[in-house]
Amino acid sequence: MESVKLRITGRFRKPMMTIPMSATVLDLKQEIEAELYVDVEKQILYSEFHQELMDDNDRSIESYYSNHKGQVTDLMLFQKPEYKQMDVTVKFESKEADVTVNEGESVGDLKAKIEQLWGIPSEKIMLTYDDIILAVDDLNMWEYYVGEADVIQVTEI
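Remember, it's a predicted structure, so these values are computed and weren't measured experimentally. Throughout, residues of each chain are indexed from 1 in the direction in which the sequence is written. For a predicted model such as this one, the threshold for reporting local features is a pLDDT of at least 70, and the threshold for listing and counting side-chain atom pairs is 80 or more; totals across whole chains, interfaces and linings nevertheless cover every residue. Only hydrogens and water are removed before side-chain values are computed, so all heavy atoms of the structure are retained for them.

**What to know about the domain arrangement of the protein**
Point 1. Each domain span listed reflects an automatic or database assignment of domains. Taken as a whole, the protein is organised into domain 1 (3-79) and domain 2 (85-156).
Point 2. The C-alpha-based centres of domain 1 and domain 2 are spaced at 28 Å.
Point 3. Here the quantity called buried area is the total loss of accessible area, with a 1.4 Å probe, experienced by two parts when brought into contact, counted for both. When the two sides are added together, the surface that domain 1 and domain 2 hide from each other amounts to roughly 1,100 Å², 58% of it contributed by carbon and sulfur.
Point 4. Contact with domain 2 buries area across many residues of domain 1, yet R11, F12 and R13 alone supply 62% of it, more than any other trio.
Point 5. The working definition used for a salt bridge is a side-chain nitrogen of Lys or Arg within 4 Å of a carboxyl oxygen of Asp or Glu. The interface formed by domain 1 and domain 2 contains one salt bridge.
Point 6. A salt bridge links E103 to K42, with the nearest nitrogen and oxygen atoms 3.6 Å apart.
Point 7. Each polar contact in these results corresponds to two N or O atoms within 3.5 Å; when the atoms are within protein, one needs to be able to donate a hydrogen and the other to accept it, and residues that are neighboring in sequence are counted only if both atoms are side-chain atoms. Summed over the shared surface of domain 1 and domain 2, the result is zero residue pairs in polar contact (both at pLDDT 80 or more).
Point 8. Examining the composition of the side of domain 1 that touches domain 2, we find that three residues originate from one element, strand β5 (residues 72-79), more than from any other.
Point 9. Grouping the constituent residues of the side of domain 1 that touches domain 2 by class yields eight nonpolar, one polar and three charged. A run of H or I in DSSP becomes a helix once it reaches four residues, and a run of E becomes a strand once it reaches two; helices and strands are each numbered from the N terminus. By the convention adopted, Pro, Cys, Tyr, Trp, Phe, Met, Ile, Leu, Val and Ala count as nonpolar, Lys, Arg, Asp and Glu as charged, and the other residues, Gly among them, as polar.

As structure tokens, this is what we get:
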């Protein structure tokens, strides 16, 4: 089955996805929702190759990427600005707690909540999610693909 490899851009992390050419834009959005926890109705997709929005859910992936079979190409993912609240689990040594954040809150905001929770100064907190250090305090949870019930490791530095 012919497919295209898409590098999802628009955020700090740039994950890869492979999708069949016969799939529709809606199929792609559902795959993004399953893998990256971005609700289908909040997704805005932009084909960098064609420089156009992919807003027709019934259109095939092949119609956008017919010249890219088996190759890697960039797909920009944006989110409509309505952010949802979610609970994430933070772990520090033998401690664990659920913290409520919204997708628009920054890494710095989460560090401040952890400081209140366990008394670790924010500037001494390093957060890791999915083997990625959340190094930029101004980036928000959504930009790191942090979703509901995800686990974030806390390290005191």
